[in-house]
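# Observations on chain architecture
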Amino acid sequence: MTSHQTAQTMKPATAAKKLGVYLEATPAEFQEGVVSRTELNALQTDPPEWLQELRRNGPHPRPVVAAKLGVSISGLARGGVTDALTTEQIEALKQESPEWLQKERATQAEVRKEAARIKEKNAERDDKAR
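Here we take up the overall build of the chain. Summing up its helical and strand segments, the chain has 8 helices and 2 strands in all. Mapped in sequence order, the helices and strands of the chain form the string β-α-α-β-α-α-α-α-α-α. Viewed in the frame of its principal axes, the chain has a C-alpha envelope of about 55 × 50 × 25 Å. Long-range pairs, those at least 24 residues apart, make up 55% of the contacts in the chain between residues at least 6 apart in sequence. As presented, the chain carries roughly 9200 Å² of accessible surface, and 50% of it is formed by carbon and sulfur atoms.

So this is what it looks like as structure tokens:
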């Protein structure tokens, strides 16, 4: 008896998320089909021009926008940013530096500092346990 390996596929939304791009900005053939694991790997290792352009100029999905601005996704929502933004729009927001962005960046910095403190504390505890 031989077992047949079936190609693992994913929905375009999942593939777009893994590629870090905004699904609605991808080509129609990408949005309408399914993406195999092999195709995803090929897109990651040798991205076509459309993918390079999306990564460079956007529009970017909210997780990418949040990372580029140095805030959380929740922070974006609190700031009223609910749509995908282009790189140009992100840069303009950075230049404007509205009050909500400054506040959210400070909050994010505190969160990171606290996470580092907890990680260090846990590492010390683990060292003592050994």
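Text resumes after the structure shown.
We now examine the packing of aromatic side chains. The full count for this structure, using the stated rule, is 1 aromatic pair. Ring geometry for Phe30 versus Trp50: centroids 5.4 Å apart, planes at 55 degrees, classification tilted. Of this pair, Phe30 sits in helix H2 (residues 28-32) while Trp50 sits in helix H4 (residues 49-57), and the two are 20 residues apart along the sequence. Here Phe30 falls in the buried class, since its relative accessible area comes to 8%. With a relative accessible area of 25%, Trp50 lands in the partly exposed category.

Turning our eyes to something else, we now look at the nonpolar core. Among soluble globular proteins, nonpolar side chains are generally buried collectively. Met10, Ala15, Ala16, Leu19, Val21, Phe30, Val35, Leu40, Leu43, Leu51 and Leu54 together form the largest nonpolar core, which totals 11 residues. Listed by contribution, the elements that provide at least two residues to this core are helix H1 (12-19), helix H3 (37-45) and H4. Per-element tally for this core: the top contributor is H1, with 3 residues. Discounting residues that sit within four places of it in the chain, Leu54 has contacts with Val21, Ala25, Thr26, Pro59 and His60. Core analysis: the second largest hydrophobic core is formed by 10 residues, Val71, Val81, Leu85 and Leu101 among them.

Turning to helix H8 (residues 99-129), a few remarks are in order. Given a rise of 1.5 Å per residue, 31 residues ought to cover 45 Å, and the 45 Å separating the end C-alpha atoms of H8 matches this to within 8%. Residues of H8 that are buried sit in contact with helix H5 (62-69), helix H6 (73-78) and helix H7 (87-96).

Inspection of the secondary structure assignment puts Ser36 in strand S2 (residues 35-36). Among residues more than four places away in sequence, those in contact with Ser36 are Gln8 and Thr9.

Cut-off values and rules
Numbering of residues starts from 1 in each chain and follows the order in which that chain's sequence is written. Side-chain atom pairs in this predicted model are given and counted only at pLDDT of 80 or more, local residue features only at pLDDT of at least 70, and totals for whole chains, interfaces and linings cover all residues. Hydrogens are left out, water is left out, and the side-chain values use all remaining heavy atoms of the structure. Secondary structure elements follow DSSP: runs of H or I of four or more residues count as helices, runs of E of two or more count as strands, with numbering from the N terminus. Whether two residues are in contact is decided by their heavy atoms, any of which lying within 4.5 Å being enough. Here the open area of atoms and residues is found with the Shrake-Rupley method and a 1.4 Å probe, where only the protein chains shown may cover a residue. Within 6.5 Å between ring centres, the rings of Phe, Tyr and Trp (the latter by its six-membered ring) count as paired, and their orientation is classed by plane angle as stacked under 30 degrees, edge-to-face over 60, tilted in between. Only protein chains enter the accessibility calculation, which uses a 1.4 Å probe; a residue whose area is less than 20% of its type maximum is buried, one above 50% is exposed, and one in between is partly exposed. As used in this record, nonpolar core signifies buried Ala, Val, Leu, Ile, Met, Phe, Trp, Tyr and Cys residues forming a set joined through side-chain atoms within 4.5 Å. In this analysis, the expected span of each helix is defined as 1.5 Å times one less than the number of residues it contains.

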